[in-house]
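Working through the structure, step by step
What follows is the residue order along each chain.
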Amino acid sequence: MRISAPIVESLDSILPDEPLLMMGAGPVPIPAKVAAANGIVINHLGDTMSRIIEQVKAMSRYVFQTNSTHILGVAGPGSAAMEMAIANLVTSGDSVLSVTNGFFSGRLAEMADRVGGNVHRLTIEEGQAASPEKVKSALNEHRPQVLTIVQGETSNTVCNTALPEICRLAKEAGCLVIVDAVCTLSTMPLNMDEWGVDAVITGGQKGLSCIPGVSLVAFSEAAWTKIEERTDTLKHWCLDAKLADKFWYQSSYHYTAPVSGIMAIHEALRLVCDETLEARFNRHLKCSKALQAGIEGLGLSLYTHGASRLNSVVGIHVPKGLEQKAILSHISQQFKVEISGSFGLDIIRIGQMGEQCRVHNIFRTIHALGSTIQALGGEANLPQGVAMLEKALQDFEPSFT
Ligand SMILES: *Cc1c(COP(=O)(O)O)cnc(C)c1O
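Residues numbered from 1 in each chain as written. Predicted model: local features only at pLDDT ≥ 70, side-chain atom pairs only at ≥ 80, totals over all residues. Heavy atoms only, no water.

Let's talk about the side chain of Ser 308
Note on placement: Ser 308 falls in the loop between helix 12 (277-298) and strand 11 (313-317). Taking relative accessible area as the criterion, Ser 308 reaches 8% and is therefore assigned buried. A distance of 3.0 Å separates a polar atom in the side chain of Ser 308 from the backbone nitrogen of Ala 129. Aside from chain neighbours lying at most four places away, what touches Ser 308 is Gly 127, Gln 128, Ala 129, Thr 157, Val 158 and Cys 159. (Helix = DSSP H or I, 4+ residues; strand = E, 2+ residues; numbered from the N terminus. Buried < 20%, exposed > 50% of the residue type's maximum accessible area, 1.4 Å probe, protein only. Polar contact = N/O pair within 3.5 Å; in protein donor to acceptor, adjacent residues only side chain to side chain. Contact = heavy atoms within 4.5 Å.)

A word on the site of the ligand
Around the ligand there are 13 residues in total, and Ser 79, Thr 154, Asp 180, Gln 205 and Lys 206 lie nearest to it. Contacts to the ligand include Gly 78, whose backbone N or O atom sits 2.9 Å from an oxygen atom. Measuring from an oxygen atom of the ligand, one finds a side-chain N or O atom of Ser 79 at 2.6 Å. In the complex, the protein chains occlude 90% of the 380 Å² of accessible area that the ligand would expose alone. The set of elements that each furnish at least two residues to the shell around the ligand consists of helix 4 (78-89) and helix 5 (103-114). No other element matches helix 4, which puts 3 residues into the shell around the ligand. In terms of residue class, the shell around the ligand is built from 5 nonpolar, 5 polar and 3 charged. (Near = heavy atom within 4 Å. Areas by Shrake-Rupley, 256 points an atom, 1.4 Å probe, with all protein chains shown as cover. Nonpolar A, V, L, I, M, F, W, Y, C, P; charged D, E, K, R; others polar.)

A closer look at the sheet that holds strand 5 (residues 146-150)
With mixed pairing, 7 strands are arranged side by side in an open sheet as 2-10-9-8-5-3-4. Every interior strand has two partners, whereas the edge strands, strand 2 (71-75) and strand 4 (118-123), have only one. Neighbour-to-neighbour, the strand axes of the sheet open up by a mean angle of 20 degrees, direction not taken into account. Bridging between strand 5 and strand 8 (residues 176-180) involves 5 bridges; their strand directions are parallel. For Ile 149, the partnering residue across the bridge sits in strand 8 and is Val 179. Across the sheet, helix 7 (residues 163-172) touches strand 5 and strand 8, and the angle it forms with strand 8 is around 155 degrees. Across the sheet, helix 9 (residues 221-229) is in contact with strand 2, strand 5, strand 8 and strand 10 (214-219); its angle to strand 10 comes to roughly 95 degrees. (Pairing = 2+ DSSP bridges. Axes fitted to C-alpha atoms, helices over the stretch in contact; angles between N-to-C directions.)

Here we look at the UniProt feature "domain: Aminotransferase class V" (unreviewed entry) in the chain
Sequence positions flagged by UniProt for "domain: Aminotransferase class V" (unreviewed entry) are, in local numbering, residues 42-340. As annotated, residues 42-340 has a helix share of 46% and a strand share of 16%, and its two end C-alpha atoms lie 36 Å apart. (UniProt positions renumbered as here; feature names shortened; annotations may be inferred.)

Observations concerning the nonpolar core
Ranked by size, the top nonpolar core spans 91 residues in total, and within it Leu 147, Phe 219 and Ile 262 carry the most contacts. In this view, Leu 147 contacts Leu 97, Val 99, Val 135, Leu 139, Ile 166, Ala 170, Cys 175, Leu 176, Val 177 and Ile 178; residues no more than four positions away in its chain are not counted. Among the nonpolar cores identified, the runner-up in size contains 29 residues, and Leu 21, Ile 350, Ala 368 and Ile 373 belong to it. (Core = buried A, V, L, I, M, F, W, Y, C linked by side-chain atoms within 4.5 Å.)

Considerations on the environment of Gln 333
Inspection of the secondary structure assignment puts Gln 333 in helix 13 (residues 324-335). In the structure, Gln 333 is positioned 317 residues away from Pro 16 in sequence and 9.8 Å away in space, judged by C-alpha atoms.

Digging into unusual backbone geometry
It is generally the case that most residues other than glycine have a negative phi and that most peptide bonds are trans. Cis geometry marks the peptide bond from Gly 26 to Pro 27; its omega dihedral reads 0 degrees. Note on placement: Pro 27 falls in the loop between strand 1 (21-22) and helix 2 (32-37). Positioned with a positive phi, Ser 186 is a non-glycine residue whose angle comes to about 75 degrees. On the secondary structure map, Ser 186 appears in the loop between strand 8 and helix 8 (192-195). Note on Ser 186: relative accessible area 1%, which makes it buried.

So, the packing of aromatic side chains
Under the defined criterion, the tally for this structure stands at 6 aromatic pairs. Ring plane angle 50 degrees and centroid distance 6.0 Å describe the contact between Phe 219 and Trp 224, whose orientation is recorded as tilted. With a relative accessible area of 0%, Phe 219 lands in the buried category. Summarising the aromatic geometry, the rings of Phe 247 and Trp 248 are spaced 5.5 Å apart at their centres and angled 80 degrees between planes, so their arrangement reads as edge-to-face. A relative accessible area of 7% means that Phe 247 is categorised as buried. For Trp 248, a relative accessible area of 6% translates into the label buried. Counting every residue linked through ring pairs, the aromatic cluster contains Phe 103, Phe 104 and Phe 343. Directly above the aromatic system of Tyr 249 lies the positively charged group of Lys 57, at a separation of 3.7 Å from the ring centroid. (Phe/Tyr/Trp six-rings, centres within 6.5 Å; stacked < 30°, edge-to-face > 60°. Lys NZ or Arg CZ within 6 Å of the ring centre and 35° of its normal.)

A short note on a nonpolar patch on the surface
The grouping of Leu 11, Ile 14 and Leu 15 at the surface amounts to a nonpolar patch, some 320 Å² of accessible area in total. With respect to the helices and strands, Ile 14 occurs in helix 1 (residues 11-14). (Patch = residues over 30% accessible without salt bridge, like charges linked within 9 Å, V, L, I, M, F, W, Y side chains within 5 Å. Salt bridge = Lys/Arg side-chain N within 4 Å of Asp/Glu carboxyl O.)

Shown next as structure tokens:
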């Protein structure tokens, strides 16, 4: 043997004794039932798998609020689901309007470019939600076949709150709408059918509080018609929706499904159904607003203002004189709380997706963040932070019934 086996450490010795609390922009903590399901392997075809797939689709219809009969899974990250939506709905030469608020919406535009779309980027001012007026004039100008947009732009914590209106305008203009809901699905309302969304993209490790690496896409009837009527052969074999349909609707083979990942998604969706969307949206809103109050109570300032603020991930200006990297590393090492930086912005981000939205997790995070800033020589009013967090929790009135 030329190449000898390397000497490596066991996972036990690499991983910390106490797991880090994952409070960043994803992956997020997963419930014990999801973790247990992810340890199961069964036959990827056959009756048991078919029953599980039927349930995954039924639960997805609830979570996406759709009657779609074209819900497909993909063995891959949220980006694979993005690429599946784009590759199947954008044909070479199509005019595509990409509403671009930041990193992930920019990725949708790049993907549309790569499949030969004639992409027009509507670049939205940093930190702002897209306005229906601007989208309307861009629709008039570019006459797109497809519009791409994110519901929540995780990278800079902006929420496209006018999404229902933007979808309506796009429908009026006769254009298919692709919405990236990787961050937001099941954290805030997304009514696929009512809003007229043609493709909803999700991932596992964010709003759904599941594992990374298995994702879902739902297509509308109009989207499916376009897919069926395509006469060219898709260049992406794995992502070909017509091939994926064989597994998801015909109990037959496309590629070996990510069996354990599907088990995990099944459990994650079942927990959403158990909780109900209304209760889940209220929990997310309550925890995120309380976290935001706690952050301001510490004396820190939130990055996104007013109506454009995303609740699913909260962005915070790095306090003057401190370094983003130093904060992330101190809070992780000293407090076992993991939070995120951002792509090029001088902000830190704290997630409020799925299991992150638990009262004990936000108290621990506020304590850890305030203490970290003090330890690094900055100012943070910890008693006030904790008090404002508590007050926001007590004052919360549910918005969803
Ligand atoms: C994280 C994220 C993605 C990409 O998901 P990956 O699993 O990292 O590929 C896409 N869109 C949004 C809005 C996201 O937050």
